[in-house]
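Coordinates in review
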Amino acid sequence: MPDLLLLLFLFNLSLFLLHEMDAIRRSEWKLFFVLQDMDDAKAYKVFTLIHLPLYTIILALLFSQYQTITFWVIDIFLMIHSILHLFYEKHSRNEFKNTFSRLIIYPMGILAAIHLLLIANP
């Protein structure tokens, strides 16, 4: 894989990590059925701790023989993730209705689509 494609993917993955930092600040757990009625202090801990195995799995797979499959899965996830945020724009508990959050969320979906197109058509 050309270095530019890897760099594009890593930049987009970094946007995802930034979004997750923003998600903690904006109490994103309030949008999830399982966590929305939980006490904020407990929901914060659960939401945050869930990310440890998630990040570990993603990073492990990026350095494995499954790297290309990981690119596909993450790219598709980021596109769906951006679309879901678009659908949740009017949700009363959505706190991502600001330029900063949107400049992280929506480019992720666009960059993921570009990356996916480039790796699918070498």
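Structural notes, computed from the coordinates. Computed from a predicted model, the values in this text were never measured in an experiment. (Residues numbered from 1 in each chain as written. Predicted model: local features only at pLDDT ≥ 70, side-chain atom pairs only at ≥ 80, totals over all residues. Heavy atoms only, no water.)

Tracing the backbone through its elements, the reader meets T70 in helix α3 (residues 67–87). One polar contact links the side chain of T70 to the main-chain carbonyl oxygen of Y66, over a distance of 2.8 Å. The contacts of T70, once residues within four sequence positions are left out, are I58, L61 and L62. (Helix = DSSP H or I, 4+ residues; strand = E, 2+ residues; numbered from the N terminus. Polar contact = N/O pair within 3.5 Å; in protein donor to acceptor, adjacent residues only side chain to side chain. Contact = heavy atoms within 4.5 Å.)

When you line up the elements, R102 lands in helix α4 (residues 99–120). With a relative accessible area of 32%, R102 lands in the partly exposed category. Along the sequence, R102 and L86 sit 16 residues apart, while their C-alpha atoms lie 9.4 Å from each other. Once you skip the residues sitting within four places of it in the chain, R102 turns out to touch E89, F96, K97 and P107. (Buried < 20%, exposed > 50% of the residue type's maximum accessible area, 1.4 Å probe, protein only.)

Bringing helix α1 (residues 3–25) into the picture now. The terminal C-alpha atoms of α1, which comprises 23 residues, lie 33 Å apart, in line with the 33 Å expected from a rise of 1.5 Å per residue. Packing partners of the buried residues in α1 comprise α2 (40–62), α3 and α4. Backbone geometry just downstream of α1 places S27 in the positive-phi region, at approximately 55°. (Expected span 1.5 Å × (residues − 1).)

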